[in-house]
Amino acid sequence: MNILLLGSGGRECAIAWKLSQSPRLGELFIAPGNAGMALYGTLVPIKPMDFAAVGEFALANAIDMVVVGSEDPLVAGIVDHFKSDEQLCHVLMVGPSAAGAQLEGSKDFAKGFMLRHGIPTAQYLSVTHDNLTEGLRFLEQQQSPYVLKADGLAAGKGVLIINDLDEAKRELSAMLDGKFGKSSATVVIEQFLKGIECSVFVVTDGKDYRLLPVAKDYKRIGEGDTGLNTGGMGSVSPVSFADEAFMEKVRTRIIEPTIAGLQAEALPYCGFIFFGLINVGGDPLVIEYNVRMGDPETESVMPRLQSDLIDLLEAAATGHVADVEVAIDPRYAVTVMMVSGGYPGSYPKGKVITGLNDVADSIVFHAGTALDSEGNLVTNGGRVLAVTSYGTTQAEALERSFQSVQRIHFDGKYYRRDIGFDLMHNA
Ligand code: AMP
Ligand code: GLY
């Protein structure tokens, strides 16, 4: 099977790594990919948002299946673009239609969907300029901290958590006035939930689903979960508190009602659903839906997936998920992200990366890397490399990732040493 994978981050690198292990893989093309992904497939200089170019490439290269890594093309309708084109409609698409992708593309839609289907989530009110007064009153009724979310996609930056009520009110107005462009023309105000988060992933064909390994990501730049938010500083899988009893609640209260809701509302959906959950006193609530895999969770999830990824994704795209089994590696996987000094603020690019050949016990997924004009591997983003290791305990997996991280060098490299610490007491 010839596959076109869209994306260029650590997540797509992990997906490419896994696809490349399948005996069923014909050619793998990655658009646009990054320097590290060239190990697994052919890089194609096409932007995932250029649907016409993606379609032409798929036709010219006898692509059988397209795997969409990130949310933007899905929310913008890449699946619909393929399905509505006579020449392209035979291509299997892993990802929801634009209608299904609203689960991530509109927080207002997602909250309404959860309300309609009785799926546990924080109380909320959606606010526009038209009901600002009601919004301000709703804020007054909440307890600090106050949670404000831009309705639309905002490159992971559209959620504000604010301690002070007056500041929250000012921010609400600023958001409605365009702080995040059109994305915040509607703002969802939410009750703040206190608990510990985890990321649950399923592959679905819109009727049935299979669970992938549960993971947890670490978003803040600083150890002890302090400092600015990032695209993710590391991840672990499995998650100690996501035991059988918790996962039974997740299945019956969240996953199954979500898939039933998609069917009831005739929202075509196949591919990944990423449930961003919070454990509040043993009960899971949905913080957010995403319509793709997580980054950097994928870098610890894919290594634990023993089953063939092509079988699973093909089953999702053809409506046969009920026929496939998913086997999971019982070991822990821990991912440590190596980032550029200065990130998530401004940071330099083009720093030469050395030492990759000295890594023995880890898998290194590339996120922001490139080759310079002399063919050196160099940094090309804030998040540079995701270093994943297995262990029979979480501590062992973490230790192996640290050993590897210390062998890899580039000027200004930074990483967190406490990935998974909050879960460690019983892992
Ligand atoms: P997002 O950018 O949508 O991933 O949200 C960023 C983060 O904000 C989430 O991962 C949570 O840590 C936090 N968050 C979002 N909504 C809530 C909420 N209702 N209560 C507490 N924390 C939240
Ligand atoms: N790791 C969170 C996300 O991918 O959105």
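Everything discussed here concerns the structure shown above.
Visitor: Go over a nonpolar patch on the surface, please, and point to the residues and values.
Guide: A surface patch of nonpolar side chains, about 250 Å² in accessible area, is lined by Val159, Ile161 and Phe192. Mapped onto the fold, Phe192 is located in the loop between β9 (187–190) and β10 (196–204). Classification of Phe192 by relative accessible area gives partly exposed; the value is 35%.

Visitor: I'd like a description of the sheet that holds β9, backed by residues and values.
Guide: Pairing in this open sheet of 4 strands is antiparallel, and the strands run β6-β9-β7-β8 from one edge to the other. At either margin of the open sheet sits one strand with a lone partner, and together these are β6 (124–127) and β8 (159–162). With strand direction ignored, the average angle separating the axes of adjacent strands in the sheet is 20°. Strand direction decides the pairing type here: strand β7 (residues 146–150) and β9, joined by 4 bridges, are antiparallel. Paired with Lys149 across the bridge in β9 is Val188. Packed onto the sheet, helix α6 (residues 107–116) meets β6, β7, β8 and β9 and runs at close to 140° relative to β6. Most of the contacts of helix α7 (residues 132–141) go to β6, to which it runs at about 150°, and overall it touches β6, β7 and β9.

Visitor: Tell me about the side chain of Asp418, and name the residues and values.
Guide: Structurally, Asp418 can be placed in the segment after α12 (394–407). Within the local environment of Asp418, its side chain forms a polar contact with the side chain of Arg416, the two groups lying 2.8 Å apart. Apart from the residues within four sequence positions on either side, Asp418 is in contact with Glu223, Gly224, Asp225 and Phe402.

Visitor: How would you sum up helix α1 (residues 10–19)? Please name residues and give values.
Guide: Owing to its 3.6 residues per turn, the α-helix aligns residues three or four sequence positions apart on the same side. Of all 10 residues making up α1, 10 are buried, and the element is well covered by its neighbours. For α1, the full list of buried residues reads Gly10, Arg11, Glu12, Cys13, Ala14, Ile15, Ala16, Trp17, Lys18 and Leu19.

Visitor: Requested: an account of the packing of α7 against helix α8 (residues 165–176), with residues and values cited.
Guide: At a minimum axis distance of 10 Å, the contact between α7 and α8 shows a crossing angle of 150°. Classified by the angle their axes make, α7 and α8 are roughly antiparallel. Between α7 and α8 lies a crossing whose hand is right-handed. Contacts from Leu132, Gly135, Leu136, Leu139 and Glu140 in α7 reach Leu165, Ala168, Lys169, Leu172, Ser173 and Leu176 in α8.

Visitor: Could you give an account of the site of ligand 2, with specific residues and numbers?
Guide: Every residue close to ligand 2 is listed here: Asp217, Phe274, Arg292, Gly294, Asp295 and Glu297. Between ligand 2 and Asp217, the relevant distance is 2.7 Å, taken from a nitrogen atom to a side-chain nitrogen or oxygen of the residue. The contact in question runs from a nitrogen atom of ligand 2 to an N or O atom on the side chain of Glu297, over 2.7 Å. Taken by itself ligand 2 offers 200 Å² of open surface, and the protein chains cover 85% of this. The class makeup of the residues in the shell around ligand 2 is 1 nonpolar, 1 polar and 4 charged.

Definitions and limits used
- Residues numbered from 1 in each chain as written.
- Chains lettered and ligands numbered in written order.
- Predicted model: local features only at pLDDT ≥ 70, side-chain atom pairs only at ≥ 80, totals over all residues.
- Heavy atoms only, no water.
- Patch = residues over 30% accessible without salt bridge, like charges linked within 9 Å, V, L, I, M, F, W, Y side chains within 5 Å.
- Areas by Shrake-Rupley, 256 points an atom, 1.4 Å probe, with all protein chains shown as cover.
- Salt bridge = Lys/Arg side-chain N within 4 Å of Asp/Glu carboxyl O.
- Helix = DSSP H or I, 4+ residues; strand = E, 2+ residues; numbered from the N terminus.
- Buried < 20%, exposed > 50% of the residue type's maximum accessible area, 1.4 Å probe, protein only.
- Pairing = 2+ DSSP bridges.
- Axes fitted to C-alpha atoms, helices over the stretch in contact; angles between N-to-C directions.
- Contact = heavy atoms within 4.5 Å.
- Polar contact = N/O pair within 3.5 Å; in protein donor to acceptor, adjacent residues only side chain to side chain.
- Parallel < 35°, antiparallel > 145°, perpendicular 65-115°, else oblique.
- Left-handed = near helix turned anticlockwise from the far one by under 90°.
- Near = heavy atom within 4 Å.
- Nonpolar A, V, L, I, M, F, W, Y, C, P; charged D, E, K, R; others polar.

Fair warning: the whole summary comes from geometry, so function is off the table for now.
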